[in-house]
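Below are the chains, spelled out letter by letter.
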Amino acid sequence: MSKHVFVFAEQRDGVVQKVSYELIGEARRLAGELAQQVVAVLVGADVGKSARSLIAAGADEVIVIEHPILKEYVTEPYAKAVYAVVQARAPEIFLYGATAIGRDLAPRVSARVHTGLTADCTSLAIDSETKDLRMTRPAFGGNIMATILCSNHRPQMATVRPGVMQALEPDDTRTGSITKFDVAFTDADMNITIRQVVKASKKAADITEAKVLVSGGRGIGSPEAFETLRALADAFGGEISSSRANVDAGWIGRERQVGQTGKTVRPDLYVACGISGAIQHLAGMEDAEYILAINKNKEAPIFGVADLGIVGDVNVIVPKLTEALKKRQA
Amino acid sequence: MKIIVCIKQVPDTTEVKLDPVTGTLIREGVPSIINPDDKSGIEAALQLKERLPGSTVTILSMGLPQVDVAMREALAMGADDAILLSDRPLGGADTWATSSTVAAAIKKLDYDLIICGRQAIDGDTAQVGPQIAEHLGLPQVTYVEAIEAASEEQLVVRRQFEDRYHIVEVKLPCLITTLSELNAPRYMSVGGVFDAYREKTVQLWNLENIKDTVDMDSIGLKGSPTRVAKSGTKEVKGQGELFEVNPDEAVAVILEKLTAKHII
Amino acid sequence: MDFSLSKEHKLLQEMYRRFAENEVKPLAEEIDEEERFPAETVEKLARYGFLGIPFPKEYGGQGGDVLAYVMAVEELSRVCGTTGVIVSAHTSLCAAPIYENGTEAQKQKYLPDLLAGKKLGAFGLTEPGAGTDAAGQETRAVLDGDNYILNGTKIFITNAGQADIYIIFAMTDKAKGTKGISAFIVEKDFPGFAVGKKERKMGIRASSTAELIMENCVVPKENLLGKEGKGFSIAMKTLDGGRIGIAAQALGLGEGAISETIQYVKERKQFGRRISQQQNTQFQLADMHTKMEAAKYLVYAAAMKKENQEPYSNDAAMAKLFAAEAASDVTRRCVQLFGGYGYTREYPVERMMRDAKITEIYEGTSEVQKMVIAGALGIK
């Protein structure tokens, strides 16, 4: 009998990734509906000290697999570890962050287990009748939403888009158990040699963390216009971001791209400047708390989702808005 | 080096529009293209072939007969041969069934390297490549953003993560998945198009061709652990207020509304 | 009679359109403004086989057919008239006469580089005093030992200054009239060969159009193309083929203008509605589209006849006459539908209109085409 909601607690350099906490928060909700538990699976080298934070985030149990071979992510050692847990514990559900690690690991494990895997989910629910997991995710380039079921295989596996689920407030009074799990690794498991690990040099701005985003689309007209947007972002204490078009044109880095093939953001305020509002872009920002859109074209689709729409020239309005804000703050 | 490139023909989802009247997707007239990540895979294979003379590039796809034109395009770019796996029972496959079937076909072939695109722009799962690697018991390197070195024994590639990259060495045979950032795929050449139809062939395979390697319980809709319960266009957040006023008035309105919402 | 495109031609058309959209269109406005020959585009064209389409692989060609070549010129011209004519002049007016009239040695020497696009070709017939009256050649060629010595001036030569190989026509025997004209393969580095003044033109401004000046230009006698005295007939036959290329250029220009206009009229609003909703707009576009479709069939039919080695001179003349006049008419009407914006260089239609005009003039004016057609009808 398969039981419990498992979460792959992704870590890098021993630091548990934000998405893992989001997944545990969501797993708590799902486990509640199933009257089952949340089990976090922490895999790495010397990571045991992070187990407590997973319990504080909502895990009832943390399975810890520690071994030097797991220091940097390589598919086979991690797949072997997770597979061993699946075989030993028969989870009902197994969630992974849809990250560059999760999207490499989960398919490999799902094929080894012979179960279904649904990618990049943005919403999960327990079916009231069958108790199956209903996994909803964008498809067709973000143009449609599909709900997927994995009725006859266990665990039901899903990778979940970062930035969508809600982590719980960490509660240090929560209790839970920590289980050390041994996996017999051999040298042959390391079937790839890492010659070099190169980390991103500067602390790249994480637009998913920003509370206010001032975002530029094709309509801003030139790469220099991002300076105008940056001034407004600074006045708000936020960050700048971009639609795909400007990133493809080389006007700004890909780490600032919002959208279906970029990042999903949920800021308190999203200022869409000169962004037409193509579906692929909306997919990345439509869950923002408040959307302000400025565009010359009254018919632009962005106005269909904006809380406040201003028809006008971004390069005229934004500097005035920045000035007005600075005056207020003075 | 014997290279197999797995490709998928997909609708160009970047060109799909919503019907303003009905709110549904307009699917007719959407051009079919080779999935962009896969095309980078083809280009990577062709560049490896140029680096290692004597290499061959075979294109493999599973789909409807009309996928022939995508195979011809790959041949026109310079691939040597192509196999299109097409049979009714294969339809409706999820990623498990697709990868099982494709792996069964690959087992019939000689290869040193399998290249898959990282993900398709219609399914967006990024699952089939790694699942094929598992079925074949091959080491996998996904998110390949650069190929630094290649020999008949191994590849050295740059594997992308959000916050870092790894330079990894992997021995052949192995499977890699390619990002469209990896390269700028070449166009077909004029002579290449004529060759694709006159000199080269697209072999049509069906279940008969893979009957001794395929697991009949893992094909098509019936062999798929996951299925689509429902799908539809997203409910879009409703429209708020729209103002068409002069810039100074606009700024005043913005400040008023943001203050009311306690954003400033 | 099957009017549908074969699978090869459909796939080629797809490739041509993507290439034109991504590699040629982004430069079209800039090169026209700056009158700058797009050398970087020519390099890409060479790489993908555009400069050797209808020639066999044994000489380094792409093994394609005349229709494939015509469609290439059409699709390139749809976004940039200049790029279309660079390919057309090189292919029809330089590579083709060498292929059709050259000795094996000449073909082996010149075709591989031309068809690979390593060298660009041009054609020098027109002179200050010999335009439509092409037979009035003043350029002289005199045999002196192992060389011909050429003296004279050519004007309005497309690709002049950028090309490496020129097919030059000169009088070897004035007494024989047209039967005294001979053709020569001239390399730009032959002593006494120079490129003169570059023309400032109304349209196809990035196409390099200039004078050629031959002052005691030394041309080895092996470079005589065909026999002495056969030059005029070679020129006429070459122009027959070239006409199909120019017809394709005109076809592309008209189609491109219509495409741009359809997009514009769906966006532009006046009187509270899109101008595409106005019946005048609809009727104009219906009419123009029909004209260009008719032109397309004439052009493709001429191409098929040449491919099948049937007589095609009359078909080529009709295709060029019709397509050129249609393109001029259509592009002008497209500017009109754009209104004031169409007159500015912000939008491409005024450039297309300027580009279209030359198709009624070069490689045989519309009047010359009518002479050919009337001749074919036997009207004397």
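About the thresholds
Residues numbered from 1 in each chain as written. Chains lettered and ligands numbered in written order. Predicted model: local features only at pLDDT ≥ 70, side-chain atom pairs only at ≥ 80, totals over all residues. Helix = DSSP H or I, 4+ residues; strand = E, 2+ residues; numbered from the N terminus. Buried ≥ 20, exposed ≤ 12 C-beta atoms within 10 Å, placed from the backbone. Contact = placed C-beta atoms within 7 Å. Core = buried A, V, L, I, M, F, W, Y, C linked by C-beta atoms within 7 Å. pLDDT = per-residue confidence, 0-100. Pairing = 2+ DSSP bridges. Axes fitted to C-alpha atoms, helices over the stretch in contact; angles between N-to-C directions.

Let's shift gears to the overall build of chain C. Counting its secondary structure elements, chain C contains 11 helices and 10 strands. Here the C-alpha coordinates of chain C stretch approximately 80 × 45 × 40 Å along the principal axes. The burial tally for chain C puts 53% of its 380 residues in the buried class. Considering only contacts within chain C whose residues lie at least 6 apart along the sequence, 74% involve residues at least 24 apart.

Right, let's get into the nonpolar core. By size, the foremost hydrophobic cluster in this structure holds 254 residues, and its most contacted members are A:Val7, A:Val41, C:Phe184, C:Val299 and C:Ala323. For A:Val41, the contacting residues outside a window of four places in its chain are A:Phe6, A:Val7, A:Phe8, A:Ala9, A:Ile63, A:Val82 and A:Val85. Grouped together as the second largest cluster of nonpolar side chains are 47 residues, A:Ala235, A:Ile279, A:Ile291 and A:Val318 included.

Averaged over all residues, the pLDDT of chain C is 97; the fraction at 70 or higher stands at 100%. Taken together, the chains of this predicted complex give a pTM of 0.89 and an interface ipTM of 0.92.

With omega at -5°, the peptide bond leading from A:Arg154 into A:Pro155 counts as cis. Cis rather than trans, the peptide bond between B:Leu172 and B:Pro173 has omega equal to 0°. With respect to the helices, strands and loops of the structure, B:Pro173 is situated in the loop between strand S11 (164-171) and strand S12 (174-178). Of note in this structure, C:Asn216 is not a glycine but carries a positive phi near 50°. Since 12 C-beta atoms lie within 10 Å of it, C:Asn216 is described here as exposed. Located in the positive-phi region is C:Gln309, a residue other than glycine, with phi close to 55°. Counting through the fold element by element, C:Gln309 comes out in the loop between helix H7 (279-307) and helix H8 (313-338).

Attention now goes to the arrangement of the chains. Interchain contacts are distributed over 2 pairs of chains, and the most extensive set of them lies between chains A and B. Of all C-alpha pairs spanning chain A and chain C, none lies closer than 10 Å, and the two are not in contact.

Right, let's get into the sheet that holds strand S7 (residues 117-121) of chain A. All names here are of chain A. With respect to topology, 7 strands assemble into an open sheet ordered S7-S11-S6-S1-S4-S5-S12, the strand pairing being parallel. Two strands close off the open sheet at either side, each with one partner strand: S7 and strand S12 (177-180). For this sheet, the mean angle separating the axes of adjacent strands, direction not counted, is 20°. Of the strand pairs in this sheet, strand S1 (residues 5-9) and strand S6 (residues 93-97) are connected by 3 bridges, and their pairing is parallel. Within the sheet, the bridge partner assigned to Phe6 lies in S6 and is Phe94. Strands S1, strand S4 (38-44), S6 and strand S11 (156-160) of the sheet are contacted by helix H1 (residues 18-34), whose axis makes an angle of about 180° with S1. With respect to the sheet, helix H4 (residues 102-113) is in contact with S1, S6, S7 and S11, its orientation differing from that of S11 by roughly 170°.

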